[in-house]
Amino acid sequence: MAVVSIQNLKVDFGGKVLFENVSFDVNQGDFVGLIGANGTGKTTLFKVITGEIEPTEGGAFISKFVKVGYLEQHACQGSLRTVYDEALSVFEPLMQMEKEMEEIAAAIDSHLGNRNELIERQNKLHEEFQEKEGLTFRSRTRAALIGLGFSENDFSLTCEKLSGGQRSKLSMCKLLLSGSDLLLLDEPTNHLDIAGTEWLEGFLSGYKGTVIVFSHDRYFLDRITNKTVEIANRRSHCTKGNYSTYLKLKEERLETERRQYENLMAEIKHIEGIIEQQRSFARERNFITAESKRKMLEKKKAELIEPEPSLAKMRMKFSPECETGNDVLEVKSLAKAFGQKVLFRNADMSVYKNDRVFILGSNGCGKTTLLRILTRQQSADDGSYNFGANVKVGYFDQSLESLRGGKTVIDEIWDEHRLFTETKVRSYLALFLFRGDDVFKSVDNLSGGEKAKLCLLKLMLSGANVLLLDEPTNHLDIPSREVLEAALADFDGTIIAVSHDRYFINKLSTKIYRMKTDGFEKFDGDYNDYATIALNQAKEKPKKAENKPNSYKLRKERTSEINRLSGKIKRGEEEIDRLDAEISRLTAELSTPEVSADYEKVISYTEKIEALTEEQLSLMDEWESWNARLSELNDMED
């Protein structure tokens, strides 16, 4: 069954056609990846589906039984609510019902109005409240927020104080709680670290509805999608399969179209030759043959479809001015803190010539700070770092701060390379798709993608032999990412990069350092190698501790704690079972006529069930922590 049907869609902005004749169906259970270069209209297509934009022609038709949830790129911006209240706003209808039940309860206690009518209304509301899981909406909201990485202390923050990543997570939380049948996700991984993205992939893998996701994150698309739609050259192409499958099928399709076009063109030229030859004979029967061939020619030309033109792509090549020695960078016991917050300490890292080193870690662990220390923009609190001989560092800053406001695009390059002619500067800019009057645009008015390309051009012209890259793919679309990957793969130098782009890491990485508060952990290989090793490490038990002079005392203390925890766990399980039985009993009694007809009993039972549920959830949290600690202690046994 089609959940969404896109039919002959056309969007025209002021005479500029964004796309036309776009048609495809999204069926129940489809996970559709929407891809295409920046500016092709993917976000516009989303807004046509949600009804925010009226198409010039055609339409997007959604099944009337489908509830749509839309994750925007800039969600929750400007809200003055707290994190908890913003998440809770999804349940506004339930909160209104709750408020009405409280008002009815107050009216009954004050003997206002018809008691029987009030009780009847109260029972009806309570039944609907239960059906819509009103008894647990607050606990579900808290659980979702914590699952997405918010702490209890974050709950009271106002949305205006949140980072872009936190706003994305909060918006995602609201979307997950909304119970939508169709999720429209616009760049959902933009502000998420790898752990957050993997959490989202895990959630979506168990989601029973339908998803349409616009993303440049190719690894994410490969993990979750089963259908791909590309918007290119104002047209759409739809195939089954994830991003990598689509790429393979697209290559085959374009090759088939090219061959068909070449064969048809050869046939047309052959027919044109016959017509010309027959007309040259200037006899009646030759004119008849020529006319017959002319009709055939017209038919062939009508069948002719030109191959899809290639999109303009950046061209770049990183050429170092000189070679480094074998030892490029040595980091020893480096440490950095801001106030009481320790970002990292005891950080050790060795980088050698032609290494492609990627630094991974959760948001806020200090990856960007590390690169700023290495570029001398910040100082370390402790430790040291030393670059080797002939090292010339080039730095790509994810904040794009190397661009100075008030300049034009051409002056941004020319001011750093005064000996270049205007023709040479414009030639370099053209490689990065700044052509014609684009070179006179103000840097302040460029998009994020355009600014990133300008920074990459400055990096290319620097002649650096060691590239420090902080999230270089963040603002780039897929075609631009592919060009950057190819250029870096051909780079005869050393790369030290921070990135959340797992596809990008897989293409280039030879070594990965995972940042932790107490030091760095090294992994050889690409992201898939890293993920496999990290997963196996999590499953393996730590090595047994060596005997120490006080081992007897330690063993005795450990045994005592194991016995104490085992008792706690057993009593906790018994209490959880008891609470479960009590909740089941009260829930069953609540459904009986003698209780459900008595308003005061309904209120009393509901409050008891809610209190017992909260107690059970709290106890289960404690039970999990006890088990985790017991597992740690057992792993420490000799």
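The preceding data block contains the structure.
Residues numbered from 1 in each chain as written. Predicted model: local features only at pLDDT ≥ 70, side-chain atom pairs only at ≥ 80, totals over all residues. Heavy atoms only, no water.

**Details of the packing of helix H3 (residues 92–109) against helix H4 (residues 115–131)**
Between H3 and H4, whose axes approach to 10 Å, the crossing angle comes to 155°. Considered as vectors, H3 and H4 are oriented roughly antiparallel to each other. In the crossing of H3 with H4, the sense of the turn from one axis to the other is left-handed. Here H3 contributes Leu 94, Met 97, Glu 98, Glu 100, Met 101, Ile 104, Ala 105, Ala 107 and Ile 108 to the contact with H4, which in turn contributes Arg 115, Leu 118, Ile 119, Arg 121, Gln 122, Leu 125, His 126, Glu 128 and Phe 129. The residue inventory of the contact of H3 with H4, partitioned by class, reads 11 nonpolar, two polar and five charged. (Axes fitted to C-alpha atoms, helices over the stretch in contact; angles between N-to-C directions. Helix = DSSP H or I, 4+ residues; strand = E, 2+ residues; numbered from the N terminus. Parallel < 35°, antiparallel > 145°, perpendicular 65-115°, else oblique. Left-handed = near helix turned anticlockwise from the far one by under 90°. Contact = heavy atoms within 4.5 Å. Nonpolar A, V, L, I, M, F, W, Y, C, P; charged D, E, K, R; others polar.)

**Observations concerning the nonpolar core**
The nonpolar side chains of a soluble globular protein tend to be buried with one another. By size, the foremost hydrophobic cluster in this structure holds 95 residues, and its most contacted members are Met 316, Phe 318 and Leu 429. Element by element, the count of residues in this core is highest for helix H14 (residues 448–461), at eight residues. With near-sequence residues (within four places) excluded, Met 316 lies in contact with Phe 432, Leu 456, Met 460, Val 483, Leu 484 and Ala 487. (Core = buried A, V, L, I, M, F, W, Y, C linked by side-chain atoms within 4.5 Å. Buried < 20%, exposed > 50% of the residue type's maximum accessible area, 1.4 Å probe, protein only.)

**Some details on the pattern of salt bridges**
Scanning the model with the defined rule gives 42 salt bridges in all. The residue Asp 415 makes a salt bridge to Lys 407 at a minimum N-O spacing of 2.6 Å. The partner of Arg 578 in a salt bridge is Glu 575, with the nearest N and O atoms 2.8 Å apart. Placement of the pair is Arg 578 and Glu 575 together in helix H18 (residues 551–590), with a separation of three residues, close to one helical turn. Linked through salt bridges whose partners overlap, the residues forming this network are Arg 218, Arg 481, Glu 485 and Asp 501. (Salt bridge = Lys/Arg side-chain N within 4 Å of Asp/Glu carboxyl O.)

**Focus: the side chain of Ser 63**
As for its placement among the helices and strands, Ser 63 is situated in the loop between strand S4 (57–62) and strand S5 (68–71). Beyond its immediate stretch of four places on either side in the chain, Ser 63 contacts Ala 2 and Val 3.

**Describing the sheet that holds strand S18 (residues 519–524)**
Spatial strand order, S14-S15-S16-S12-S17-S18: six strands in an open sheet with mixed pairing. Of all strands in the sheet, those with a lone pairing partner are strand S14 (393–396) and S18, marking the two edges. Across the sheet, the axes of successive neighbouring strands diverge by a mean angle of 20°, strand direction being ignored. One ladder, built from five bridges, connects strand S15 (residues 466–470) with strand S16 (residues 494–498); its direction is parallel. Each residue of the ladder has a partner; that of Asp 470, found in S16, is Val 498. Those strands touched by helix H11 (residues 367–374) are strand S12 (356–360), S14, S15, S16, strand S17 (511–516) and S18, and its axis lies near 150° from that of S15. Against the sheet, H14 engages S14 and S15, with an angle of about 180° to S14. (Pairing = 2+ DSSP bridges.)

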